[in-house]
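Chain by chain, the residues:
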Amino acid sequence: MAVKLKTKHLNGFVGEHELASISPALYAAADTLKNGTGAGNDFTGWVDHPVNYDKEEYARIKAAAEKIKKSCDVFVVIGIGGSYLGARAAIEFVKSPLYNNMKKDTPDIYFAGNTISASATAELLEICRDRDVCINVISKSGTTTEPAIAFRLFRELIEKKYGEEGAKERIFITTDKCRGTLKAFADEKGYETFVVPDDIGGRYSVLTAVGLLPIAVSGADIDAMMKGAADARELMKNAPVEENPALAYAAYRNILYRKGKTTEILAAYEPSFAMMCEWWKQLYGESEGKDGKGIFPASVIFSTDLHSLGQYIQMGMRNLFETVVTFASSRDGIEVPYDPANIDGLNFLASKSLYYVNSMAEAGTVLAHVDGGVPNMMIEIDARDEYNYGYLVYFFEYACGVSGYLLGVNPFDQPGVEAYKKNMFALLGKSGYEEMQVDLIERLNK
Ligand code: PA5
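Residues numbered from 1 in each chain as written. Predicted model: local features only at pLDDT ≥ 70, side-chain atom pairs only at ≥ 80, totals over all residues. Heavy atoms only, no water.

1. Some details on the sheet that holds strand β1 (residues 3–6)
With respect to topology, five strands assemble into an open sheet ordered β1-β10-β9-β7-β8, the strand pairing being mixed. Because the sheet does not close on itself, it has two edges, and the strands there are β1 and β8 (296–301). Across the sheet, the axes of successive neighbouring strands diverge by a mean angle of 20 degrees, strand direction being ignored. Relative to strand β9 (residues 320–327), strand β7 (residues 263–268) is paired through six bridges, and the arrangement is parallel. (Pairing = 2+ DSSP bridges. Helix = DSSP H or I, 4+ residues; strand = E, 2+ residues; numbered from the N terminus. Axes fitted to C-alpha atoms, helices over the stretch in contact; angles between N-to-C directions.)

Rendered as structure tokens:
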């Protein structure tokens with residue numbers, strides 16, 4: 001098993017009988033997900049996607065990635081939320097958060113269309129100005145404001161550089177199969193398109209073309225990623241809770257939530273996991289935060305954040321539990337050097353590996369937080385590679401689906417995301433929103 005859930009630090013917070021009591025509801029929730037009988041069941045295509053994916057499109061994704069690698073220095077991925085977080089998380093997890101600065105034979109990869117910031121957009125346009133560029137616009141709906149604005153800007157840049165004909169070789173669109181304006185526009189312009197399947201929502205879509213094309217451009221092995229997800233699916237759909245980390249994770253989260261632990265902190269000791277935390281926050285936040293319910297998903301990277309949020313976790317309000325992501329090994333073998341002057345008094349660490357020192361920081365922190373009243377679970381991952389990434393993604397997604405049904409919500413919709421959009425459109429004067437605009441302006445000026 002590539003992902004293991006370790007629960008010994010729940011002792012004193014959760015009794016063994018509690019897992020037994022929640023088991024009937026847990027299995028009912030898992031059956032609801034597996035059999036597609038729950039709310040949002042038309043968005044559960046991701047459950048079997050690791051084995052049921054479109055092989056012809058998968059081959060086209062690989063071919064497009066090769067073409068992109070050869071034809072540009074900068075690859076800009078335009079998308080927001082589920083349309084970019086998974087790909088960015090994968091590249092940082094498998095390659096590095098410093099991917100763009102590393103020696104490599106693949107293009108730099110930047111992410112745009114996840115903000116409306118003029119400065120962030122201008123800076124990236126400037127980076128692209130004198131370099132060869134390809135873009136991948138990812139939007140299931142095709143109408144999301146942030147990526148749509150970025151697409152206008154980057155298409156303009158590409159058309160100016162290469163002309164309309166040249167743009168056809170450099171613009172790749174990932175969107176809904178037939179509905180939506182983006183697909184029609186791409187066909188009219190002659191851009192290559194990839195599909196966000198109808199039955200897979202944004203935050204569950206990283207193992208479709210949404211994530212796979214950018215990930216493949218980074219040189220990561222997407223075959224190994226899909227194999228990891230397929231192996232996880234085999235286990236998580238079939239194994240009982242004692243052998244099934246996804247079911248166990250869903251169950252313990254729910255038990256803790258019922259005890260008033262309403263915030264979950266996902267903690268990792270590797271900066272390469274920071275974007276994975278962002279992906280996880282969207283997955284759990286959008287899936288569970290509704291109907292006045294849900295665990296608030298927060299994240300930290302330690303030991304960095306021990307020097308900022310550590311104080312709160314140790315001694316603040318006791319509504320927290322912590323899920324620590326830990327790696328069974330490190331691929332880098334750096335050791336602490338010996339210093340004859342020993343001015344920092346750290347010679348007792350000389351020739352110890354940084355992985356070992358980091359592990360001791362982790363172990364010491366876990367025990368301190370448990371002593372401070374923070375229940376703790378640990379997710380152990382074998383290695384930082386493609387197989388483990390695919391396995392972990394499936395683990396978190398499966399646990400999230402089960403967890404949502406256990407909570408009694410639809411884990412596959414996101415009605416709350418619309419509220420800000422309506423206000424923004426009204427304030428920006430979109431037609432049809434006139435009355436709302438008057439009302440909002442009055443409220444802002446009160
Ligand atoms: O999970 C989701 O559905 C959302 O986060 C979407 O991915 C996000 O809003 C972007 O939507 P779209 O792909 O339609 O542009």
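Next, the rest of the story.
2. As for the site of the ligand
Around the ligand, the structure places 13 residues, and the nearest of them are Ser 83, Ser 139, Ser 141, Thr 144 and Gln 282. Taking Thr 144, its side chain carries an N or O atom lying 2.5 Å from an oxygen atom of the ligand. A distance of 3.5 Å separates an oxygen atom of the ligand from a polar backbone atom of Gly 202. Look at the ligand: alone it shows 390 Å² of surface, and the protein chains cover 87% of it. For the shell around the ligand, the class distribution of residues is one nonpolar, nine polar and three charged. (Near = heavy atom within 4 Å. Polar contact = N/O pair within 3.5 Å; in protein donor to acceptor, adjacent residues only side chain to side chain. Areas by Shrake-Rupley, 256 points an atom, 1.4 Å probe, with all protein chains shown as cover. Nonpolar A, V, L, I, M, F, W, Y, C, P; charged D, E, K, R; others polar.)

3. Re the pairing of strand β4 (residues 133–139)
Most of β4 is tucked away, with seven of its seven residues classed as buried. Side chains Val 133, Ile 135, Val 137 and Ser 139 project from β4 onto one buried face, and the interleaved Cys 134, Asn 136 and Ile 138 project onto a second face that is buried too. The pairing of strand β2 (residues 74–78) with β4 spans five bridges and is parallel. Paired with Val 77 across the bridge in β4 is Asn 136. Summarising the sheet, β4 and strand β5 (residues 171–176) pair through five bridges and their orientation is parallel. Pairing of Ile 135 across the sheet is with Ile 171, part of β5. Following the chain from β4 across helix α6 (residues 145–168) to the adjacent parallel β5, one finds a crossover that is right-handed. (Buried < 20%, exposed > 50% of the residue type's maximum accessible area, 1.4 Å probe, protein only. Right-handed = clockwise from strand over helix to strand, strands pointing away.)

4. Description of the pattern of salt bridges
One pass over the full model with this rule turns up 29 salt bridges. The closest approach of N and O atoms between Asp 382 and Lys 4, which form a salt bridge, is 3.6 Å. Of the two residues, Asp 382 is situated in the loop between β10 (376–381) and α14 (386–407) and Lys 4 in strand β1; the sequence distance between them amounts to 378 residues. Exposure remark for Asp 382: the relative accessible area of 30% places this residue in the partly exposed category. On the basis of relative accessibility, which here comes to 30%, the residue Lys 4 falls in the partly exposed class. Look at the salt bridges and you will find they share partners, linking Lys 4, Lys 6, Glu 380 and Asp 382 into a network. (Salt bridge = Lys/Arg side-chain N within 4 Å of Asp/Glu carboxyl O.)

5. A short note on the environment of Asn 100
Structurally, the position occupied by Asn 100 is in the loop between α4 (85–95) and β3 (108–112). Separated by 143 residues in sequence, Asn 100 and Glu 243 place their C-alpha atoms 39 Å apart. What Asn 100 contacts, discounting residues up to four positions off in sequence, is Asp 108, Ile 109 and Tyr 110. A distance of 2.8 Å separates a polar side-chain atom of Asn 100 from the backbone nitrogen of Ile 109. (Contact = heavy atoms within 4.5 Å.)

6. Quick look at the sheet that holds β3
Either a parallel or an antiparallel arrangement is found when strands of a sheet pair, and the pairing is made through backbone hydrogen bonds. Pairing in this open sheet of five strands is parallel, and the strands run β3-β2-β4-β5-β6 from one edge to the other. Every interior strand has two partners, whereas the edge strands, β3 and β6 (192–196), have only one. Recorded for the sheet is a direction-independent mean angle of 20 degrees between the axes of neighbouring strands. As paired elements, β5 and β6 share five bridges and run parallel to each other. Within β6, the residue paired with Thr 175 across the bridge is Val 195. Along the sheet, helix α7 (residues 181–189) makes contact with β4, β5 and β6, crossing β5 at roughly 145 degrees.

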